[in-house]
Every structure is written in C-alpha cells, then in structure tokens.
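Overview (structure and organization)
What follows is the residue order along each chain.
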Amino acid sequence: MRCTLLLATAHALQPPTPHHRLQPRAATINASEDPLQTLASNVDAIWSLPGTGPAGVRSRMTKERKEATHATLWGKAEWDQQIAYKHGPHRRYARVLARSIYSPLMRGLAPSIALLSVWSVFVFQKKLTITANGLGFLASPIGLLLAFRVNSCVSRFHAAREMWGKMTYECRDVASTLSACKEIDAETKARCGALLAAYAWCAKSASTFEEAPSQVVRTLLNEEDSTTVLKARKPALKCLSLVRKATIALPLGHHVEKELYHSISDLNLLYGGIERLISTPLAPMYMRHYQRGLLAWLFLLPCGLTKAGCSTALKLVCVVASAAYLFLGIDEIGLQIEQPFFVMPVHKLAEGLTRDVVEELST
C-alpha cells in the first residue's frame, strides 16, 4: 500500500508533458504497408492543409450570395436553379429581379451609374444638347468593340476550363496505364500517383499566383522528392520530370512506353497553356481605347436624349442609368473573366483530379 501511495505521489509531482503543435506528416512508406494504401492515406491528410482551398484572390463574380456562380462545380441543384424547369421562366425572371440587390455586379457599378445619373439631371436643367443622330453613329463601333472584347474574354475562359479538363484526363490516363502494368511495382505506382497529385496542386497555385503548396507537397511526397520539387523554379514541371525519370527505365512494352511519354508531354504542354493565359492578357491599349469611347458615349447620351425631346429629368435618368448598367455591366463581366483562374473553382478541379488518380491506381 505504501509503495502504491509513493508511486502515485511521484507521478503527480512530475511536470506536465508539453503539447506540441500538430505538423503535417511527411509521406512515408512502411515496408509492412501497401504503398497504394499509404498514398490514399496521405491524400486524405491534405484536405485540411493550406493550399487546398479557394484562391486568395477571387473575382467579384464568384461572390454572389443568392445565386450559383462559377466558384463551384455545378450539380443538379445548380442547374435546377439556373433553368427553373419546375416553375417556368416567369419565376426565374422574378427571382433574378428580386435578388438584384445581392448582385456584386450591380453594387460594383453603382457609383458609376450614380455619377451618370447626376450628370443627366445637370444636362436636363442646363438644356445641353447635341444631335441625336450622332449618338447612333457612335453606338455601332462601340458595340463592335465591346462585343469583340467580351467574346475574346469568354474564349479565354473556355480555353482555361478545357485545359483543366484535358489535364484531368491525361493524369487519369497515366494512372490507369500504370495500374494496368503488372511489370511496375506498387511502390513506383504510388510514387508516380503522388507526383501527379502534387503536379495538380502546384499547377493550381501557379494559375492563381500563389506560392507552391509546400505542406501539401510534403504530405504527398517522400522527403527527397518533396525537397526536389519545392526547390525547383516551376514545381509542377519538376513533378512531371520525376514521373518521367521513374518510368523511362521500366521494362514496358513499346506501346505502353509511348503512351506514357505522350501523356506526360501533353501535361507539360497544358501547363505551358496555363502560363500563356496568365501572362498574356488581351491588349491593354485596346481595352482602354474602347472604354474611353464607351464612357464618352454614355456622357453624351443625356444630351442626345434631351435633344430628342425627353420631357422629364426622371425619364432621362432612367434611360441613362439602364443603358449604363447594361453596357458597363458587359464590360465588367469581360474584365472579371479575362483571368479565368480567379473565377474557376481550380481547387475543386485539383481535388477531383487527385481523387481520380488515387482511384485509378487502387483498382
């Protein structure tokens, strides 16, 4: 009894063990564990780490509270809300009008529309007029300039989304090929799968001008590979280089070797496409030119409408404000999607790619 009391007293007098902050675990492969199972466990560990969430800089178009946006990958609920099969188009139009106050586009344009409204009242009071037909001659080239600008921005957005779709396809194809080859050991398959997942997250960070996700890379890759990748000037391309080096000396059939070679080359090409989009905008001089023309036309619009016989200041303000909202809104939408990776849910695309790779290797 006395010994028991002495031991309990000694244990109580010991200083408490300090609590250490939980660090992201590095990828390790225990000899007794299946490497592919370890890969799956490492992937499950990255979802709470920095770098796997949305980009730090997001477009205003992704912040609409009441409506679905491009900030997420759409499913049935978003398409039902967009198309409104159940209640018909009248309910959709009513919902769009009722939720206009939540529109970030309207809130962003409010100061410009307010300025044009005040200018319209001033023009009406001072009876400043110009030939109304002159506005028609100006409207046509401005409309063409605006349409070309928006079409170019939309094409950039679709090109970016197509790149991520092809990137997902190529990574799945590489993982599926590796999984089907009996000559490749499980450890090499797991290493290549981890490198493909790291490639996706590094490409995601590069497309949004963020630092490489070091914690994600260290969790997915072993110490040697993670150090090599993070020291590289372009971590995503270093991941592809390591995949190529890991597979080039394997005893594979000619058709398999050729398939892997072309898939890795295509992934390199897609990363080059991302670099092209983020580093080369549409001509800034062109944008400034048509914006000056558009603003000049909007400031001349109340003068032309007054000349045409607009009878009250309220009517003039309503027409000018509506035209300003329409034209400036189109211009703002084009500007917001010119850098498509700030609009697209690239973190969700990278997450889907990672899960697809792990699933292909596990089957």
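A brief report on the enclosed structure follows. (Residues numbered from 1 in each chain as written. Predicted model: local features only at pLDDT ≥ 70, side-chain atom pairs only at ≥ 80, totals over all residues. Heavy atoms only, no water.)

For the rest of this paragraph, the subject is the pattern of salt bridges. One pass over the full model with this rule turns up 8 salt bridges. The residue Asp225 makes a salt bridge to Arg191 at a minimum N-O spacing of 2.7 Å. One end of the pair, Asp225, is in helix H9 (residues 223–231); the other, Arg191, is in helix H7 (residues 186–207), and 34 residues separate them in sequence. Judged by its relative accessible area of 30%, Arg191 falls in the partly exposed class. A salt bridge links Glu351 to Lys348; the nearest nitrogen and oxygen atoms lie 3.9 Å apart. Of this pair, Glu351 and Lys348 are both found in helix H14 (residues 346–362), 3 residues apart, which corresponds to roughly one turn of the helix. Relative accessible area serves as the criterion here: at 19%, Glu351 is assigned to the buried category. Here the residues in one salt-bridge network are Lys348, Glu351 and Arg355, joined through shared partners. (Salt bridge = Lys/Arg side-chain N within 4 Å of Asp/Glu carboxyl O. Helix = DSSP H or I, 4+ residues; strand = E, 2+ residues; numbered from the N terminus. Buried < 20%, exposed > 50% of the residue type's maximum accessible area, 1.4 Å probe, protein only.)

It is characteristic of soluble globular proteins that their nonpolar side chains tend to be buried jointly. With 63 residues, the main nonpolar core has Trp164, Met167, Tyr199, Leu220 and Phe341 as its most contacted residues. Listing elements by their share of this core, those giving two or more residues are helix H2 (35–44), helix H6 (132–180), H7, helix H8 (214–220), helix H10 (235–248), helix H11 (254–279) and H14. With 12 residues, the single largest contributor to this core is H7. Setting aside chain neighbours within four positions, we find Trp164 in contact with Ala200, Ala203, Lys204, Ile274, Phe341, Met344, Val346, Leu349, Ala350 and Leu353. Leu116, Phe124, Leu135 and Leu294 belong to the second-largest nonpolar core, a separate cluster that totals 16 residues. (Core = buried A, V, L, I, M, F, W, Y, C linked by side-chain atoms within 4.5 Å. Contact = heavy atoms within 4.5 Å.)

It is worth spelling out the packing of H6 against H14 at this point. Closest axis-to-axis distance for the H6/H14 pair is 8 Å, and the angle between their directions is 15°. Comparing the axis directions of H6 and H14 gives the class roughly parallel. The handedness of the crossing between H6 and H14 is right-handed. Counting all contacts with H6, which are made through Arg161, Trp164, Met167, Thr168, Cys171, Arg172, Ala175, Ser176, Leu178 and Ser179, the residues of H14 involved are Val346, Leu349, Ala350, Leu353, Asp356, Val357, Glu360 and Leu361. Partitioned by chemical class, the residues of the contact of H6 with H14 number 11 nonpolar, 3 polar and 4 charged. (Axes fitted to C-alpha atoms, helices over the stretch in contact; angles between N-to-C directions. Parallel < 35°, antiparallel > 145°, perpendicular 65-115°, else oblique. Left-handed = near helix turned anticlockwise from the far one by under 90°. Nonpolar A, V, L, I, M, F, W, Y, C, P; charged D, E, K, R; others polar.)

Bringing unusual backbone geometry into the picture now. Unusually for a residue other than glycine, Lys127 sits at a positive phi of about 55°. The class of Lys127 is exposed, set by a relative accessible area of 52%. Residues other than glycine seldom take positive phi values, yet Phe209 does so here, at roughly 60°. Structurally, Phe209 can be placed in the loop between H7 and H8. Judged by relative accessible area, Phe209 falls into the exposed class, the value being 54%.

Here we take up the environment of Leu138. Among the structural elements, Leu138 can be located in helix H6. With 158 residues separating them along the chain, Leu138 and Ala296 place their C-alpha atoms 9.6 Å apart. Beyond its immediate chain neighbours, meaning those up to four positions away, Leu138 contacts Trp297 and Leu300.

Turning next to the environment of Gln81. As for its placement among the helices and strands, Gln81 is situated in helix H3 (residues 76–83). Between the alpha carbons of Gln81 and Arg92 there is a distance of 8.2 Å; along the sequence they are 11 residues apart.

Turning to the environment of Ile184, a few remarks are in order. In this structure, Ile184 sits in the loop between H6 and H7. When the C-alpha positions of Ile184 and Pro251 are compared, they lie 8.2 Å apart, and in sequence the two are 67 residues distant.

Helix-helix packing: each pair is described by the crossing angle between the helix axes and the interaxial distance. The interhelical angle for the contact between helix H5 (residues 104–126) and helix H13 (residues 313–336), taken along N-to-C directions, is 145°, at an axis separation of 8 Å. Where H5 crosses over H13, the two elements pack in a sense that is right-handed. Contacts between H5 and H13 pair Leu105, Met106, Leu109, Ser112, Ile113, Leu116, Ser117, Ser120, Val121 and Phe124 from the former with Ala313, Leu316, Val317, Val320, Ala321, Ala324, Tyr325, Leu328, Gly329, Glu332 and Ile333 from the latter. Partitioned by chemical class, the residues of the contact of H5 with H13 number 16 nonpolar, 4 polar and 1 charged.

Relative to the helices and strands, Lys204 resides in helix H7. Classification of Lys204 by relative accessible area gives buried; the value is 1%. Polar contacts involving the side chain of Lys204 include one to the main-chain carbonyl oxygen of Gly51, which spans 3.2 Å. Polar contacts involving the side chain of Lys204 include one to the side chain of Glu210, which spans 3.3 Å. (Polar contact = N/O pair within 3.5 Å; in protein donor to acceptor, adjacent residues only side chain to side chain.)

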